[in-house]
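# Observations on chain architecture
The lines below spell out each chain.
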Amino acid sequence: MLIVNCLSLLLWILFDEGLLTPLQSLSPRTSGRIDSDQIIDLSGDGTPMLQRVRRGWIWNQFFVLEEYMGSEPQYVGKLHSDLDNGDGAVKYTLLGQGAGTIFTIDEITGDIHAIRSLNREEKSYYVLSAQAVDTETSKPLEPQSEFIIKVQDINDNEPKFLDGPYTASVPEMSPAGAFVRQVTATDADDPTYGNSARVVYSILHGQPYFSVDPKTGVIRTALSNMDREVKEDYEVLIQAKDMGGQMGGLAGTTTVNITLTDVNDNPPRFYKSKHDIFHLKVPESSPVGSAIGRIKANDADIGKNAEIDYSIVPGDGLNVFDITSDKSTQKGVIHLKKPLDYENKKSYIFKVDAVDPHPDHRFQSMGPFKDTATVKITVVDVDEPPVFSRAFYIMDVYEDTNVGSIIGAVTAQDSDVSNSPVRYSIDRSTDQEKYFTIDDVEGTIATNEILDREDVSQYSISVIAQKLSNPDLISRVNVTIQVLDVNEYAPELAVPYENLMCENAKNGQVQIIYLSIFLFFPNGGKVLSEQFYRFIIIRKMLLSIINILLLYYYIVEFVENVCFTE
């Protein structure tokens, strides 16, 4: 392109100075006439002042039509010199790009022909050199000079979408005219010549939803409020046609796959059954914290816009049940907060709200973004073990009580509707010596051995209650039996005494004081623990020491104060 511009500038200077003048001559191809731009004149007139032959070249550029498919070589132009009188004394030579392979010259006439079909998109012009020489001596008659053969464009290339097919997205519910994307087609033809490369865009498939700007290729929405939940994907076919879109122009097409992206325009909605209620059946034995059922509201949106928060409306089930949102399934999971008891309450009815946590203010006019459903939970009766009337039992019995004496009773009953009879037994792992027995029907506990508090002051046994209708269902309760003390030991002297008496003692005068230790236990013989029993033993030892010290003190005082003072 730089060479073309430079040569054009040189041509303008030469014409402006009057050094070049176009010549008119005949062409063997066209009604006896050749256009002046098809002739290069190699002649020159002498310049007397310089005594030399002035260069006679007339520089111009030839044009050759691309993609020529004629049976004869395509005529390009003619070289001519003023020194050529037509007698064959001058011959013409051609050098440069394509000389001899693409372009040939008639040495005598100077006619140039293209012997091959040319493609402007591969090479748009050729630079060649022409010269007139003497036929006999082959010496140049004129200096060598360059000229250009330019390949003239024809509309042989259709527009192409180099980046197609395309993908695009636009938010649903967008207004008409919202930008989607731009497509671009390129045409390899010459944009400076004619309309071969002037492209016009149109939409072949995708109306009435989308439109395309014929000049820029910008695609926009043609309808407002297109709903993704109705139709999400669209395939749009775009055409680019050259020649300004006129008849005869070449066209190329591309596909644009357009997706409507989601916006939060749908509230959650519960699927309502025939009675507009969710009915769950839950066994009364369900553990606290366990999931007892799931309910689901539907949100037609996707992703974050489809998230739902569930909550229980204050009422019948608020304190017994809880509900959480499963973010992976968007279901409401109902959990148990408190134990269920079929015998106390057989069913619960409450309401659950489903709320959209991310409402879009643009769509608030469409209604509240929440829904409410009614949930009924029916408690299912489960065959449960017997229930004792107390959490534990404490019984008292005096030591040395006769064998077979009843010391207390336990009570358990079947709380189920069947109200099965209950049978009792003692877990022998807690009473290996079989000190006690129990009536399997009444639950009364009796002694089976003579008890001695000084040996064992307290027993702890486990009582089992079984349902007669289902012996596998059992309950246990701890029974503590405390052995009470009986006053069975006489007082004893703390130590052996050696009696001393004053010889002059008077009648009724105190001679000595005896100290005794009474083996006793506080609280009527009830020993509450092994540690307390050890405390009693230590206490007895301390009392014995104190008695000895007191005895010594009183003897000394007696001898000094009684015997010697008398």
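For the structure given in this document, a descriptive report is provided here. Being a predicted model, the structure only gives us computed values, none of them experimental.

## Things to note about the overall build of the chain
Check the secondary structure of the chain and you find two helices and 36 strands. The burial tally for the chain puts 37% of its 566 residues in the buried class. Accessible surface computed for the chain: about 32300 Å², of which carbon and sulfur atoms make up 53%.

## What to know about the nonpolar core
Proteins that are soluble and globular tend to have nonpolar side chains buried together. One finds Phe321, Ile334, Val352 and Ile377 to be the most contacted residues of the largest nonpolar core, which totals 24 residues. Those elements that place two or more of their residues in this core are β19 (277–283), β20 (291–298), β21 (309–312), β22 (321–326), β23 (331–336), β24 (347–355) and β25 (370–380). With sequence-adjacent residues up to four places away left out, isoleucine 377 is seen in contact with Leu280, Val282, Ile292, Phe321, Ile334, Lys346, Ser347, Tyr348 and Phe350.

## Focus: the pattern of salt bridges
Summed over all chains, the structure comprises 17 salt bridges. Between aspartate 383 and lysine 467 there is a salt bridge whose closest N-O contact spans 2.2 Å. Here the residue aspartate 383 occupies a position in the loop between β25 and β26 (387–388), and lysine 467 occupies one in strand β33 (residues 458–467), the gap between them amounting to 84 residues. Taking relative accessible area as the criterion, aspartate 383 reaches 36% and is therefore assigned partly exposed. Lysine 467 sits in the buried class, given a relative accessible area of 1%. One salt bridge connects arginine 428 with aspartate 431, and the closest N-O pair in it is separated by 2.9 Å. On the accessibility criterion, arginine 428 (32% relative accessible area) is partly exposed. For aspartate 431, a relative accessible area of 3% corresponds to the buried category.

## Digging into the environment of valine 375
Of note, valine 375 is situated in strand β25. On the basis of relative accessibility, which here comes to 0%, the residue valine 375 falls in the buried class. Taking the C-alpha atoms as reference points, valine 375 and phenylalanine 350, separated by 25 residues in sequence, lie 5.5 Å from one another. For valine 375, the residues in contact, after removing those within four places along its chain, are Ile277, Phe278, Leu280, Ile295, Ile334, Tyr348, Ile349, Phe350 and Val352.

## Quick notes on the sheet that holds strand β14 (residues 210–212)
Within the open sheet, the three strands sit side by side as β12-β15-β14. Their pairing is antiparallel. The open sheet has two free edges, formed respectively by β12 (179–182) and β14, since each of these has just one partner strand. Taken over all neighbouring pairs, the strand axes of this sheet differ in orientation by 20 degrees on average, direction set aside. Pairing geometry for β12 and strand β15 (residues 218–221), over three bridges, is antiparallel.

## Some words on the side chain of aspartate 111
By the element assignment, aspartate 111 lies in strand β8 (residues 111–114). Among the residues examined, aspartate 111 registers a relative accessible area of 10% and is labelled buried. Looking at aspartate 111, its side chain comes within polar contact range of the side chain of threonine 109, at 3.2 Å.

## Thoughts on unusual backbone geometry
The step from glycine 164 to proline 165 runs through a cis peptide bond, and the omega angle for that step is -5 degrees. Here proline 165 is to be found in the loop between β10 (145–152) and β11 (166–171). Cis geometry is adopted by the peptide bond preceding proline 208, which originates at glutamine 207 and carries an omega value of 5 degrees. Relative to the helices and strands, proline 208 resides in the loop between β13 (200–205) and β14. Even without a glycine there, the phi angle at methionine 173 is positive, about 65 degrees. Take methionine 173: it is sitting in the loop between β11 and β12. Notably, lysine 434 is not glycine yet its phi reads approximately 55 degrees, a positive angle.

Definitions and limits used
Within each chain, residues carry numbers counting from 1 in the order of the written sequence. A pLDDT threshold of at least 70 governs which residues receive local features in this predicted model, and a stricter bar of 80 or more applies before side-chain atom pairs are shown or counted, although totals over entire chains, interfaces and linings include all residues. No hydrogens and no water enter the side-chain calculation; it runs on all heavy atoms of the structure. Helix and strand assignments come from DSSP, with helices taken as H or I runs of at least 4 residues and strands as E runs of at least 2, each series counted from the N terminus. Any residue under 20% of the maximum accessible area for its type is buried, any over 50% is exposed, and the rest in between are partly exposed; the area is computed with a 1.4 Å probe on protein chains only. Surface exposure here means Shrake-Rupley accessible area, sampled with a 1.4 Å probe, where a residue is shielded only by the protein chains that are shown. In this description, a nonpolar core means a group of buried Ala, Val, Leu, Ile, Met, Phe, Trp, Tyr and Cys residues linked to one another through side-chain atoms lying within 4.5 Å. Residue contacts follow a heavy-atom distance rule, with two residues in contact if any of their heavy atoms lie within 4.5 Å. Counted as salt bridges are all cases of a side-chain nitrogen of Lys or Arg within 4 Å of a carboxyl oxygen of Asp or Glu. Note: two strands are recorded as paired if DSSP finds a minimum of 2 bridges between them. Axis angles are defined between N-to-C directions and span 0 to 180 degrees, where every axis is a line fitted to C-alpha atoms and, for a helix, only to the segment in contact. N or O atoms closer than or at 3.5 Å make up a polar contact, with two conditions inside protein: a donor-capable atom paired with an acceptor-capable one, and, for residues adjacent in sequence, both atoms drawn from side chains.

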